[in-house]
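A structural walkthrough
Each chain is listed here by its residues.
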There are 2 protein chains.
Amino acid sequence: MVPMQLPDELAIRSEGGPKIILVVLDGLGGLPHPDTGRTELETARTPNLDALASKSSVGLLSPVGEGITPGSGPAHLALFGYDPVEKLIGRGVLSALGVGFELAPGDVAARLNLATFAEDGTVMDRRAGRPSDEEARRVVDRINDGIEAPDGVEVHFIPEKEHRVVLVLRGEGLFPELEDTDPQRTGLPAHPVRPASEEGRGTAEMVQGLLEQVRYILSDEPVANGFLARGFAGYEPYPSYLDRYGLRAAGCARYPMYRGVARLAGMAIPGVPSSTEDTVTLVERIAAEHDFVFVHFKDTDSYGHDGDFDGKVAAIEEVDALVPRLTALDPAVLVVTGDHSTPTLYREHSWHHVPLLIASTWGRPSAKSFGETDCRGGDLGVVRGKDLMSLALAHAARLDKYGA
Amino acid sequence: MVPMQLPDELAIRSEGGPKIILVVLDGLGGLPHPDTGRTELETARTPNLDALASKSSVGLLSPVGEGITPGSGPAHLALFGYDPVEKLIGRGVLSALGVGFELAPGDVAARLNLATFAEDGTVMDRRAGRPSDEEARRVVDRINDGIEAPDGVEVHFIPEKEHRVVLVLRGEGLFPELEDTDPQRTGLPAHPVRPASEEGRGTAEMVQGLLEQVRYILSDEPVANGFLARGFAGYEPYPSYLDRYGLRAAGCARYPMYRGVARLAGMAIPGVPSSTEDTVTLVERIAAEHDFVFVHFKDTDSYGHDGDFDGKVAAIEEVDALVPRLTALDPAVLVVTGDHSTPTLYREHSWHHVPLLIASTWGRPSAKSFGETDCRGGDLGVVRGKDLMSLALAHAARLDKYGA
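Notes on the structure follow. (Residues numbered from 1 in each chain as written. Chains lettered and ligands numbered in written order. Predicted model: local features only at pLDDT ≥ 70, side-chain atom pairs only at ≥ 80, totals over all residues. Heavy atoms only, no water.)

**A few points about the overall build of chain A**
To keep it simple, the criterion reads: A helix here means a DSSP run of H or I that spans at least four residues, while a strand means a run of E at least two residues long, and both kinds are numbered starting from the N terminus. Radius of gyration here uses only the C-alpha atoms, and the compact-globule reference equals 2.2 Å multiplied by the residue count raised to the power 0.38. Buried means the residue's accessible area, taken with a 1.4 Å probe over protein chains only, is under 20% of the maximum for its type, while exposed means over 50%, and partly exposed covers the values in between.
When helices and strands are tallied, chain A shows 13 helices and 12 strands. Against the compact-globule benchmark of 22 Å for 404 residues, chain A has a radius of gyration of 22 Å, which places it among compact chains. With respect to the three principal axes, the spread of C-alpha positions in chain A is 65 × 55 × 40 Å. Counting all 404 residues of chain A, 56% fall into the buried class.

See the structure below:
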């Protein structure tokens, strides 16, 4: 017998049924402040999250694996119920999805940096002085106007943000496994485009030719006069939320990367919010037409990277103040967690477990407040990221019984 | 894309980087004393381990699987990051490594018992009256002098301890899957050497011939006049710690078995300590040249088998008193745990979870002392044995981020 695919095959496909909202505070988990012993979340005044936690089943989330520090892409895929170790997704694909490019199977995508090259071809500035979005768009428009695509291949350069540009290639038989050209240091020339195996030689030479064309087109630009390339990846679509769980899903996120990973799971992207509060406004506007809404808040992670404890505390409090507007939408299940920890003391993503609450009618509450300490020893125990969707569906009564 | 091998492919290979010390108190976990409700570890006065625990992330270790009582070999392999269920290692190989024999790929090893056989071939004493080490060596020397090895095969008999002897065979195309000859009871003849499949018939007949030669050589011995054989196993080297994690690793253990399993993981064996304290002295002597040091203390397990609660308490206190000498080496990560539980009330290895602490800069402390109760509900949750190395590497900042 073929084993059942769980939870997918148990999903109750009822459009307009109980609604699930998944709130992700990026990098939520923290480490205790040396003076107080309290983490960022435990320091923040969060009356709304605390009230929610006290009625919820709580636990700790292990996003990708014990001891594993995930990037944002794999971490979100895990939260969405996809095993990111079985199927690692390339950065180029995430970026292309993030800028809203409608990828097709077989497309190859890469992340490019606009860079400054010296006469002799060595890299002077790996980010071309961090151009403004407008300046980058002007340069990329010149490239798209001037580039000559090889026969049978579509070539797209799409500005992402500042110096970051996405390259998408579409054509028959493209080979996605190409190595980065970024030498990671100034004063060195870019690496040539190399394929991971001999069968990729044709694609590698074609991409190398494109990068050389770009250098020629931009030869009169004083600052942004070429590209460094990394994160080449081929696009293979994932089974969508609708196919897997029968959920009409939407993703509300301010930053491209998170819209990209939502799109990868087949979620609709109903808009581009301009602020934390605007993200919630977007959720309010689209909630009625969707069974599942992913809501992403970025600032907690950014302050974590900056090592700004108080900033992260404030970012948590800002989200807390908006929680009543989410509960007012009366979801059957409201999940609040993070995609990973970004402790301000560590200043990077980390492997530490992430606080998790699942608010529903069917909770086994144990926490007095929402924090690392109170989530420890909760009824959910330590939850693997890829099990979160099962739990969310179950608490929404959207899963059938397994077996008789 | 091929799934990544985690955590190996994320390991940061920096010789002389942050150091990890793994302290294993064999059979550490216990059961509550009926009079006090406190386990051996909770009864012991352990000011140093308690201080360490109060600054550490703690949890419970599940060595091999829920409800599974592991032997020492599989339990240590799990602690070292090898899945002992996927790749079970034969007892013969462990014993050969334990006595310091340098196995080569394709070697076949078995554990032998010196036994007493009656005239009619039945077994009178399965352990030949437990001879002293000296007496056993005298008998084994006679065998090695008298044995005629078959063409193209090297035959080694190596005394292990008392009646226990290791057999190693080296040659082309040896078949390792041979069944035990030990009938497990006196009054019965030994089983003939049988292969698990027909292709092993040649090897089985050859080994049978060797065992008959031994009976002939020892025919005038009054007590130890033959062998019972078990645990036949072929040796295939494991990927080493250096290959897997970039760690120059060493194992410091008083007993052969634990040096053997350390050697299997490619650890250096810098010496043979003569006591618990001498084990720590060895660690001090070699720590500077290694990135990872495994330290093994045996007495806790021995007292557990004896059912000696107070003896196990004293053995724990002896290690506790040495902890400051380990912390003085300033490792980035100090892990303290056991390979399994050996509760004195149970007098055997058991399946119970084992207390675990991971001391580092990046802990989320919750315990006041080191014990089963305080480790319960710690931030690490229940840690599978094979995930321990990921966690140790992560806390030492020796793992890269997974994905972007």
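**Things to note about the packing of helix 10 (residues 299-306) of chain A against helix 11 (residues 309-327) of chain A**
Residues and elements named next belong to chain A. Put simply, the test is: To define axes, lines are fitted to C-alpha atoms, for helices over the stretch in contact only, and angles between the resulting N-to-C directions are given on a 0 to 180 degree scale. Note on terminology: angles under 35 degrees are roughly parallel, angles over 145 are roughly antiparallel, angles of 65 to 115 are roughly perpendicular, and the others are oblique. Here, two residues are considered to be in contact whenever any of their heavy atoms come within 4.5 Å of each other. Gly counts as polar in this scheme, as do all residues outside two lists: the nonpolar Ala, Val, Leu, Ile, Met, Phe, Trp, Tyr, Cys and Pro, and the charged Asp, Glu, Lys and Arg.
Axis separation between helix 10 and helix 11 bottoms out at 8 Å; the angle between their running directions is 175°. Relative to helix 11, helix 10 is oriented roughly antiparallel. Seen from helix 10, the contacting residues are D299, T300, Y303 and G304; seen from helix 11, they are G311, K312, A315, I316 and E318. Along the lines of polarity and charge, the residues of the contact of helix 10 with helix 11 split into 3 nonpolar, 3 polar and 3 charged.

**Digging into the relation of the copies chain A and chain B**
Under the convention used in this document: Each copy is superposed on the other by least squares, with the fit set by C-alpha atoms of residues at a pLDDT of at least 70 in both.
Superposition of chain A onto chain B requires a rotation of 126° combined with a translation of 0.1 Å along the rotation axis, giving an RMSD of 0.4 Å. Interface overlap between copies is the fraction of interface residues in one copy that are interface residues in the other; for chain A against chain B it is only 3%, indicating separate surfaces.

**Regarding the state of the cysteines**
What counts here: Any two cysteine sulfur atoms within 2.5 Å of one another count as a disulfide.
Throughout the structure, instances matching the rule amount to 0 disulfides over all chains. With no disulfide of its own, C375 of chain A lies 20 Å from the sulfur of C375 of chain B, the closest cysteine sulfur. Here C375 of chain B falls in the buried class, since its relative accessible area comes to 1%.

**Concerning the sheet that holds strand 11 (residues 354-359) of chain A**
All names here are of chain A. Which entries qualify depends on this criterion: The pairing criterion is simple: DSSP has to find at least two bridges between the two strands.
Taken together, the 7 strands give an open sheet; going across it, the order is 8-9-1-10-11-2-12, and neighbouring strands pair in mixed fashion. The open sheet terminates on both sides in strands that have one partner only, identified here as strand 8 (249-253) and strand 12 (382-384). Within this sheet the neighbouring strands show an average axis-to-axis angle of 25°, counted without direction.

**Section: unusual backbone geometry**
Cis geometry is adopted by the peptide bond preceding P7 of chain A, which originates at L6 of chain A and carries an omega value of 0°. Here P7 of chain A lies in the segment before strand 1 (20-25). A positive phi angle, close to 55°, is found at A397 of chain A, a residue other than glycine. Considering the arrangement of structural elements, one finds A397 of chain A in the segment after helix 13 (388-395). One non-glycine residue with positive phi stands out, namely D330 of chain B, at about 55°.

**Re the interface of chain A and chain B**
As a reminder of what qualifies: Buried area: the accessible area, evaluated with a 1.4 Å probe, that two parts lose upon being put together, summed over both parts. Whenever a carboxyl oxygen of Asp or Glu lies within 4 Å of a side-chain nitrogen of Lys or Arg, that contact is scored as a salt bridge. In protein, a polar contact requires one atom able to donate a hydrogen and another able to accept it; more generally it is a pair of N or O atoms within 3.5 Å, and residues adjacent in sequence count only if both atoms are side-chain atoms.
Taken together, the contacts link 32 residues of chain A with 28 residues of chain B. At the boundary of chain A with chain B, total buried surface from both sides reaches about 2400 Å², with 64% on carbon and sulfur atoms. The closest approach of N and O atoms between R376 of chain A and D379 of chain B, which form a salt bridge, is 3.4 Å. Run the count over chain A and chain B and you get 10 residue pairs in polar contact (both at pLDDT 80 or more). In terms of residues, the side of chain A that touches chain B owes the most to one element, helix 3 (residues 72-79) of chain A, which gives 3 residues.

**Digging into the pattern of salt bridges**
All chains considered together, the criterion is met by 41 salt bridges over all chains. Notably, a salt bridge pairs D220 of chain B with R142 of chain B, separated by 3.0 Å at the nearest N-O pair. With D220 of chain B in the loop between helix 6 (201-217) and strand 7 (226-234) and R142 of chain B in helix 5 (residues 133-146), this residue pair connects regions lying 78 residues apart in the sequence. By relative accessible area, D220 of chain B is classed as exposed at 54%. Note on R142 of chain B: relative accessible area 28%, which makes it partly exposed. Residue R201 of chain B pairs with E205 of chain B through a salt bridge whose shortest N-O separation is 3.8 Å. With R201 of chain B and E205 of chain B both in helix 6 and 4 residues apart, the pair spans about one turn of that helix. Judged by its relative accessible area of 52%, E205 of chain B is exposed. It is possible to trace a salt-bridge network through shared partners that takes in E135, R138, R142, D220 and E221 of chain A.

**Remarks on a nonpolar patch on the surface**
Residue and element names in this part refer to chain A. How we decide: Only residues whose relative accessible area exceeds 30% and that take part in no salt bridge are eligible for patches, with like-charged residues grouped when within 9 Å of each other and nonpolar side chains (Val, Leu, Ile, Met, Phe, Trp, Tyr) grouped when within 5 Å. Residue-level accessible areas treat just the shown protein chains as cover; the underlying method is Shrake-Rupley with a 1.4 Å probe.
Together, M4, L6 and Y402 line one region of the surface with nonpolar side chains, adding up to about 300 Å² of accessible area. Of note, Y402 is situated in the segment after helix 13. Taking relative accessible area as the criterion, Y402 reaches 53% and is therefore assigned exposed.

**Some thoughts on helix 11 of chain A**
Residue and element names in this part refer to chain A. The condition that has to hold: What a helix should span is 1.5 Å times the count of its residues minus one. Here the bend at each residue means the angle between axes fitted to two seven-residue stretches, the one ending at that residue and the one beginning there.
Between its terminal C-alpha atoms helix 11 stretches 27 Å, which fits the 27 Å expected from 19 residues at 1.5 Å a residue. The largest bend in helix 11 is about 30°, located at A321, with the proline P324 one to four residues further on. If you check which residues of helix 11 are buried, you get F309, G311, K312, V313, A315, I316, V319, D320, L322, V323 and L326. Structurally, the start of helix 11 carries an N-cap: the backbone nitrogen of D310 is 3.3 Å from a side-chain oxygen of D308.

**A closer look at the packing of aromatic side chains**
Centre-to-centre distance and the angle between the planes together describe a pair of aromatic rings. All names here are of chain A. In plain terms, the rule: Centre distance within 6.5 Å is the pairing criterion for rings of Phe, Tyr and Trp, where only the six-membered ring of Trp is used; planes under 30 degrees apart are then read as stacked, over 60 as edge-to-face, and the remainder as tilted.
Counted under the stated rule, the structure contains 17 aromatic pairs over all chains. Seen in terms of ring centroids, Y241 and Y245 are 5.0 Å apart; in terms of plane orientation they differ by 85°. Their pairing is edge-to-face. One end of the pair is Y241 and the other is Y245, both in helix 7 (residues 241-245) and 4 residues apart, which spans about a single turn. A residue is classified by how much of its surface remains accessible, and Y245, at 1% relative accessible area, is buried.

**Topic: the environment of A394 of chain B**
Turning to its location among the elements, A394 of chain B is positioned in helix 13 (residues 388-395). Classification of A394 of chain B by relative accessible area gives buried; the value is 3%. Taking the C-alpha atoms as reference points, A394 of chain B and Y241 of chain B, separated by 153 residues in sequence, lie 15 Å from one another. The residues contacting A394 of chain B, other than those within four sequence positions of it, are G67 and W351 of chain A together with L399 of chain B.

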